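What follows is the residue order along each chain.
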Amino acid sequence: MAHTQTNVIMNQKVDSSFLEEMEKTAAGKKILDCIQCGICAGSCHARFAMDYSPMQIIKMVQLGLKEDVLSSSSIWICASCYTCTSRCPRGIDIPLVMSSLKNKAMENKVPAKIPTKPKFHKGFTEIVGKYGRMHEPQLQIKLMKKTNPNEVLNNMAFGFQMLRKGKVKITPSKIKRTKEIEAIFKGAQKKEEVKK
Amino acid sequence: MKYAYFPGCSVEASAHEYGMSCMAVNKVLGIELVEIPDWNCCGSIDAVHAYNPELSLSLSARNFSIAETMNMDIVTLCSACFFTLSRASKMLHEDPNLKGAVDKIMNDAGLKFTGESKIRHYLDVLINDVGPSKIAEKVKVPLKGLKVAPYYGCLLVRPPQVRSFDDPEHPKSMDRIIEAIGAQSLDYPDKTRCCGASLVLTDESVMLEMTKDVLMSARAIGADCIVTPCPMCHFNLDAKQADVEDHFDLNIDMPILYFTQLMGLAFGLNPKDLGLGRNVVSLKAILEKLKPPIEVAAKV
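Quick look at the structure, then. (Residues numbered from 1 in each chain as written. Chains lettered and ligands numbered in written order. Predicted model: local features only at pLDDT ≥ 70, side-chain atom pairs only at ≥ 80, totals over all residues.)

## Section: the overall build of chain B
Line of reasoning, step 1. Counting secondary structure elements, chain B contains 14 helices and eight strands.
Line of reasoning, step 2. Radius of gyration (C-alpha) of chain B: 19 Å, near the 19 Å computed for a compact globule of 300 residues.
Line of reasoning, step 3. Along the first, second and third principal axes, the C-alpha set of chain B runs to 60 × 45 × 35 Å.
Line of reasoning, step 4. Burial analysis of chain B (300 residues in total) assigns 59% to the buried set. (Helix = DSSP H or I, 4+ residues; strand = E, 2+ residues; numbered from the N terminus. Rg over C-alpha atoms; globule rule 2.2 N^0.38 Å. Buried ≥ 20, exposed ≤ 12 C-beta atoms within 10 Å, placed from the backbone.)

Set out below in structure tokens:
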């Protein structure tokens, strides 16, 4: 991975508070424990689609390369499969680090390399806020590029097939005590605002 | 054997046949799953968690607060829910600051929880509470000659630091069930690879590549079908298989079943009660192999 190492050294935009900021997150406490052994990079099933390996992302956080990390594709590609963490000799919860990095990228409104990703997180959360549960068709509609007629037609054909197979419910399943969910959302949103 | 049952959102929709076949199998094995009343989204591994971590943990906590009044272990069919609830319970246990923050959110919503309920996957119940020998006793149609590739996916067994009832690198629980019902369980290197999970919604080409690897690996060892314990894996391997075939110009034709559907077939249960008509890739090739052969209507 020599070429990416060079990338890291070439970019001098260092934010010295970034590591400290990440260390305050649940999984971030262990970031300095990383010994750069590379087991995560070698194990990652989605590495082929990432610009930086998980090992490089951790190193970049240590170095304070905030901009490069938050604008990378890697943080969005991580599928939380946990192969890396299962094998990490330092017990770092790498998918949870990636999750915190997504959170920071959304918070800082960094343009995502995969533009549907922030929409996915926002849309998923909104649907759960409304019903207390997920309703997949609504998420699909939120994510669809409505300007692309081919995509709309393909999605509709797939949706119809799923409907015929009984895999889609037209009406969402909604919990009864939605007031509790509303209160939880309100409380958690307040918490996020305080953080900012 | 009685448990507090957390179905999760997928089992209510795309994985309906998983829930159906589980309930049918439960009747044979004497397992009672009591649905947690008014349960909500588990909190999601990453979808909600990345957006707002405390919100995700509080969603898990609301489920704990309801389940705790039932005084039973929580059992779920979905590997992702199993993992999310287990991780939330562990994080809240180990981090007093996080617990304090979630307690405050829950208190304001008028809810209380301790987070002490044990969270288990249904496969864990089958292996450790029922046991393969009791499962073998119930077999009416031994699935002799059927070569099955068990696909474990990710979150059922990983990471061992969270909660695990099986080996994270070489899990065996589903293999033992396959053998107990008379079929042949195949060993292959990709049984714990990742299918791409929710990338299906945001980066489809990446997910197709990851799912293809699993399908082709099972095909290469001559599997008649793949069985899985995870709704998300099932969706990608089964419902998206035609897209994998188109994208890579391949002909795969690999039937994908929930392990509970395969158990139901071996118990001689009605295919309709196992939701076999809901699987997208045709099951015809494997059903014809059974003695006596089984016919399933393709529409639900």
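Structure shown, so let's carry the discussion forward.
## Focus on the sheet that holds strand E1 (residues 2–6) of chain B
Residues and elements named next belong to chain B.
Line of reasoning, step 1. One open sheet holds the four strands; their spatial order is E2-E1-E3-E4, and the pairing between them is parallel. The open sheet has two free edges, formed respectively by strand E2 (32–35) and strand E4 (119–121), since each of these has just one partner strand. Neighbour-to-neighbour, the strand axes of this sheet turn through a mean angle of 45°, independent of strand direction.
Line of reasoning, step 2. Looking at chain direction, E1 and E2 are connected through four bridges and run parallel. When the sheet's bridge partners are listed, alanine 4 is paired in E2 with valine 34.
Line of reasoning, step 3. Against the sheet, helix H4 (residues 79–94) contacts E1, strand E3 (74–76) and E4, and its axis sits at roughly 160° relative to E4.
Line of reasoning, step 4. Against the sheet, helix H6 (residues 122–130) makes contact with E1, E3 and E4, and its axis sits at roughly 80° relative to E4, the strand it touches most. (Pairing = 2+ DSSP bridges. Axes fitted to C-alpha atoms, helices over the stretch in contact; angles between N-to-C directions. Contact = placed C-beta atoms within 7 Å.)

## Section: helix H9 (residues 116–131) of chain A
All names here are of chain A.
Line of reasoning, step 1. The terminal C-alpha atoms of H9, which comprises 16 residues, lie 22 Å apart, in line with the 22 Å expected from a rise of 1.5 Å per residue.
Line of reasoning, step 2. Lys117, Pro118, Phe120, His121, Gly123, Phe124, Thr125, Ile127, Val128 and Gly129 are the residues of H9 that are buried.
Line of reasoning, step 3. Where H9 ends, the next residue or the one after it, glycine 132, has phi of about 85°, a positive value. (Expected span 1.5 Å × (residues − 1).)

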